[in-house]
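Given next are the chains, with one letter for each unit.
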Amino acid sequence: MANEATTEPRKRADARRNETALLDAAAAAFVAAGVEAPVRDIAARAGVGVGTVYRHFPTRAELVVAVYRHQIEACAEAGLNATHEPYAALVGWIDLFVDLLVTKHGLAAALRSDSAQFESLHAYFLDRLVPVCTRLLDAAAAAGEIRADLDAYQLMRGVGNLCIGAESDTRYDARRLVAVLLAGLRRPN
């Protein structure tokens, strides 16, 4: 009986579907309009009512954090389940990582003064994604497809830096520069 009181109740299947739909819709809305996208737009994208959004995520900060965590998990799972050749798997994963970074734009502002929550989320980001990137880099290096002198954190940081400001300058193509960076990892034939 004591165990039942301390375990979290399982969500119904429809509640899990609604939550996933909300997270996906919010991510799309954040890319299109930033983290301040209207809740009614997110609800409409998800095919639910505004009340459903607030039932799952009472505050905007909770929604933003949940979206970001959801995307971190999706990015990690994609890297762990990659079935392509090692270099192609790395390139595909980095493309997903760029998508994640685009959604992250405005995260700090949405969390405002809750620096502990932001730091916790950043630690989660690193703890979850650095090992995935390491695995992909190591596989590509072991296959002889890339040089082996770059670690995952350095690569992720470089990609992140290339993505800064991309959303505010239509002439700047971060994906093109990330592709140049990845091409530079290739071993000469």
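Everything that follows concerns the structure shown earlier in this document.
The shown structure was predicted, so the numbers you read here are calculated from the model rather than taken from an experiment.

**Student:** Which parts of the structure should I look at to understand the overall build of the chain?
**Tutor:** Within the chain one finds 10 helices and 0 strands. Secondary structure of the chain in N-to-C order comes out as α-α-α-α-α-α-α-α-α-α. Looking at the 189 residues of the chain, the share that counts as buried comes to 35%. For the chain, the share of sequence-separated contacts (at least 6 apart) that also reach a separation of at least 24 residues comes to 68%.

**Student:** Could you clarify how one ought to interpret the pattern of salt bridges in this entry?
**Tutor:** When the charged atoms of two side chains with opposite charge come close together, those side chains can pair. As enumerated under the stated definition, the model contains 6 salt bridges in all. For Arg 175, the salt bridge goes to Asp 99, with nearest N and O atoms at 2.2 Å. Within this pair, whereas Arg 175 is found in helix 10 (residues 174-185), its partner Asp 99 is found in helix 6 (residues 86-104), the two being separated by 76 residues in sequence. Residue classification places Arg 175 among the partly exposed positions, given a relative accessible area of 35%. Through salt bridges that share partners, Glu 73, Glu 77 and Arg 128 make up one connected network.

**Student:** What is the right way to read the packing of aromatic side chains from this model?
**Tutor:** Aromatic rings in a pair are described by how distant their centres are and how their planes are angled relative to each other. Under the definition given, this model contains 3 aromatic pairs. Consider the rings of Trp 93 and Phe 97, whose centres lie 5.5 Å apart with planes at 10 degrees: the pair is stacked. Within this pair, Trp 93 and its partner Phe 97 are both found in helix 6, separated by 4 residues, close to a single helical turn. Residue Phe 97 is classed as buried on the basis of its relative accessible area, which comes to 1%. Here a set of aromatic residues connected by ring pairs shows up, and it is made of Tyr 68, Trp 93, Phe 97 and Phe 125. The positively charged end of Arg 69 is found above the aromatic ring belonging to Tyr 124, 4.0 Å away from the centroid. A cation over an aromatic ring shows up here: Arg 186 above the ring of Tyr 87, its NZ or CZ 3.9 Å from the ring centre.

**Student:** How should I be thinking about the state of the cysteines in this particular structure?
**Tutor:** What makes a disulfide is a covalent bond joining the sulfur atoms belonging to two cysteines. Taken as a whole and judged by the stated rule, the model has 0 disulfides. Cysteine Cys 75 remains unbridged, with the sulfur of Cys 133 as its closest cysteine sulfur at 9.1 Å. The class of Cys 75 is buried, set by a relative accessible area of 3%.

**Student:** I would appreciate a short explanation of helix 3 (residues 39-46) in the present structure.
**Tutor:** Among the residues making up helix 3, those that are buried are Val 39, Ile 42, Ala 43 and Ala 46. For helix 3, the buried positions fall inside an angular range of 100 degrees around the axis, keeping them on one side. Among the exposed residues of helix 3, those pointing more than 90 degrees away from its buried face are Arg 40 and Ala 44. Within two residues after helix 3, Gly 47 carries a phi angle of roughly 75 degrees, on the positive side.

**Student:** Is there a simple way to think about helix 2 (residues 13-33) in this case?
**Tutor:** Each α-helix winds once per 3.6 residues, and so residues spaced three or four apart point in a common direction. Spanning 21 residues, helix 2 covers 30 Å between terminal C-alpha atoms, matching the ideal 30 Å at 1.5 Å per step. Of all the positions in helix 2, only Ala 15, Glu 19, Leu 22, Leu 23, Ala 25, Ala 26, Ala 27, Ala 29 and Phe 30 are classed as buried. Just downstream of helix 2 lies Gly 34, where phi reads positive at about 85 degrees.

Thresholds, definitions, all that
Residues numbered from 1 in each chain as written. Predicted model: local features only at pLDDT ≥ 70, side-chain atom pairs only at ≥ 80, totals over all residues. Heavy atoms only, no water. Helix = DSSP H or I, 4+ residues; strand = E, 2+ residues; numbered from the N terminus. Buried < 20%, exposed > 50% of the residue type's maximum accessible area, 1.4 Å probe, protein only. Contact = heavy atoms within 4.5 Å. Salt bridge = Lys/Arg side-chain N within 4 Å of Asp/Glu carboxyl O. Phe/Tyr/Trp six-rings, centres within 6.5 Å; stacked < 30°, edge-to-face > 60°. Lys NZ or Arg CZ within 6 Å of the ring centre and 35° of its normal. Disulfide = S-S within 2.5 Å. Arc of directions from axis to C-beta. Expected span 1.5 Å × (residues − 1).

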